[in-house]
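What follows is the residue order along each chain.
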Amino acid sequence: MNILIVDDNPTNVMLLKHMIARLDECTPICFTDAAKGLAWCEEEKPDLLLVDYMMPDIDGVDFIRRFRKLSHCTDIPVIMITAEESKEVRYLALQAGANDFLNKPIDKTEFIARTNNMIRLRKNQFQLANRAEWLAKGIKRATEELLQREREALLLLSKAAEYRDPETGAHLNRMSHYSRLIARNLGFGEAEQEIMLEASPMHDVGKVGTPDDILLKKGRLTPEEFEVMKQHAICGYNILKQGSSRLMQVAAEIAATHHEKFNGTGYPLGLAGEDIPLRGRIVAVADVFDALTSERPYKKGWPVEQALEFLENERGKHFDPQCIDAFLLSLDEVLEIMNRFQEQ
Ligand SMILES: [Fe+2]
Ligand SMILES: [Fe+2]
C-alpha cells in the first residue's frame, strides 16, 4: 500500500511518515510541495491520500479536486487533515471527494483506526476488481464454449447433409470463403463476415428432405421433379429457423433465398432486387461460381474466364450487380481460395 502524504509542514510530514511506516505493508510517499505531489499522482497511483488542508498555493480541498480529476484516482480513499476548520471547509472537502477527516493535533489511536479503515476500503476495491475480472473471464470462456458447440452442431448438420448431397466439402469450403470475401468487399464488419463464413455452408441443408431418385438423378430433371427439388430451399429454412441464435437465423435466411434471382425469376418466392436479402444475393454468386468451376461426376469444371463471363452476362439478371463487383474486386483472392480447397 502506497500512502501518499501531502503537507507543507515538514514536521507534520515526519510525524505522519513515522506513523504510516509502522502500519503493516504500508509505504509512505511524502511531499511538502502540493504541486509536486500532484505531478507524482499523474504518473503513479497511491492507495491512500493523506492531505493537509492549510497549504500555500494549493489548499487541501483544491488538491483533492484535482486529484479526483485524474482518471486513475477517482476511487482512491482520501483523508483530509484539518485544524480548526469550519463546517463549510469540511463540506467542500466532502464535495471534492474526501472520504474522512483527521483533526490536528493528530491523535495516534484515531489516526491508526481511520487510516486502517481506508486501507481496508482500498483492499476491498482490489478484491471486487479481481472478482469482476474473474467473472468476466468465466463468462468469456463460457460464451466461447457455447459458440464452439454451436459451430460444431452446424458442421455436423452440414456433414449429415453432405452424405445425401452430391456437393462436396470442398465446395462448401470454397463457396463459404467466396461469400465472406464478397461480404467483406461490400463493407460487412469483421463479426458479420465471420457469420457469413459459418452460415453459408448450410445453404443446401434442406436437401436432406429431397428424395434420392431426384437428388441423385444423372440426367435432366422433369418439370415435376424440379418442383420437388426446389423445395430444398424452404426445407432448409424450416430446419434452420428453429435455431434461436443469430448464426442459425442467418443460415435460415440464406437457405431460403440462395436460389432467388435478381430479376425475380428465381425460387422459391420469385423475389426481385433488394427484396432478396443481401446475404442470399451474395451466396447466389458464390455458390453458382463454384458450381460452374468445379468438376462433378457428370461434367467438367469450367475455366475461370468462362465462369466470369457467365457472371457478367447474368449481371442484373440472375445476380445483384454490386455482388458481382464485390466478387471481381478480389479475383486474386478468389483464385487463392480455389487453390486452397481442392477436391479430395
Ligand atoms: Fe441450393
Ligand atoms: Fe451449393
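Residues numbered from 1 in each chain as written. Chains lettered and ligands numbered in written order. Predicted model: local features only at pLDDT ≥ 70, side-chain atom pairs only at ≥ 80, totals over all residues. Heavy atoms only, no water.

1. Side note on the pairing of strand β3 (residues 48–52)
- Burial within β3 is extensive, with five of its five residues counted as buried.
- Residues Leu48, Leu50 and Asp52 line one face of β3 and the alternating positions Leu49 and Val51 line the opposite face, and both faces are buried.
- Taken together, the four bridges between strand β1 (residues 2–6) and β3 define a ladder with parallel strand orientation. Along β3, the bridge assignment pairs Ile5 with Leu50.
- Relative to strand β4 (residues 78–82), β3 runs parallel, the two sharing four bridges. Of the residues in β4, the one forming a bridge with Leu50 is Ile79. (Buried < 20%, exposed > 50% of the residue type's maximum accessible area, 1.4 Å probe, protein only. Helix = DSSP H or I, 4+ residues; strand = E, 2+ residues; numbered from the N terminus. Pairing = 2+ DSSP bridges.)

2. Observations concerning the coordination of the iron ion (ligand 1)
- For the iron ion (ligand 1), the full set of protein donor atoms is Asp204 (OD), His232 (NE2), His258 (NE2) and His259 (NE2), at a range of 2.0 to 2.3 Å.
- Metal-centred angles of 81 to 170° between the four donor atoms at the iron ion (ligand 1) mark the site as irregular.
- Going along the chain, you hit the donors of the iron ion (ligand 1) in the pattern D-x27-H-x25-H-H. (Donors = N, O, S within 2.8 Å, 3.2 Å for Na, K, Ca; no water. Tetrahedral: all angles 85-135°; square planar, octahedral: opposite > 155°, others 65-115°.)

3. Some details on the packing of helix α11 (residues 278–293) against helix α13 (residues 321–328)
- Their axes nearest at 9 Å, the elements α11 and α13 cross at an angle of 55°. In terms of axis orientation, α11 runs oblique to α13. Classified by chirality, the crossing of α13 by α11 is right-handed. Between α11 and α13, the contacting residues are Leu278, Arg281, Ile282, Val285 and Phe289 on the first element and Gln322, Cys323, Ile324 and Phe327 on the second.
- Among the residues forming the contact of α11 with α13, the class breakdown is seven nonpolar, one polar and one charged. (Axes fitted to C-alpha atoms, helices over the stretch in contact; angles between N-to-C directions. Parallel < 35°, antiparallel > 145°, perpendicular 65-115°, else oblique. Left-handed = near helix turned anticlockwise from the far one by under 90°. Contact = heavy atoms within 4.5 Å. Nonpolar A, V, L, I, M, F, W, Y, C, P; charged D, E, K, R; others polar.)

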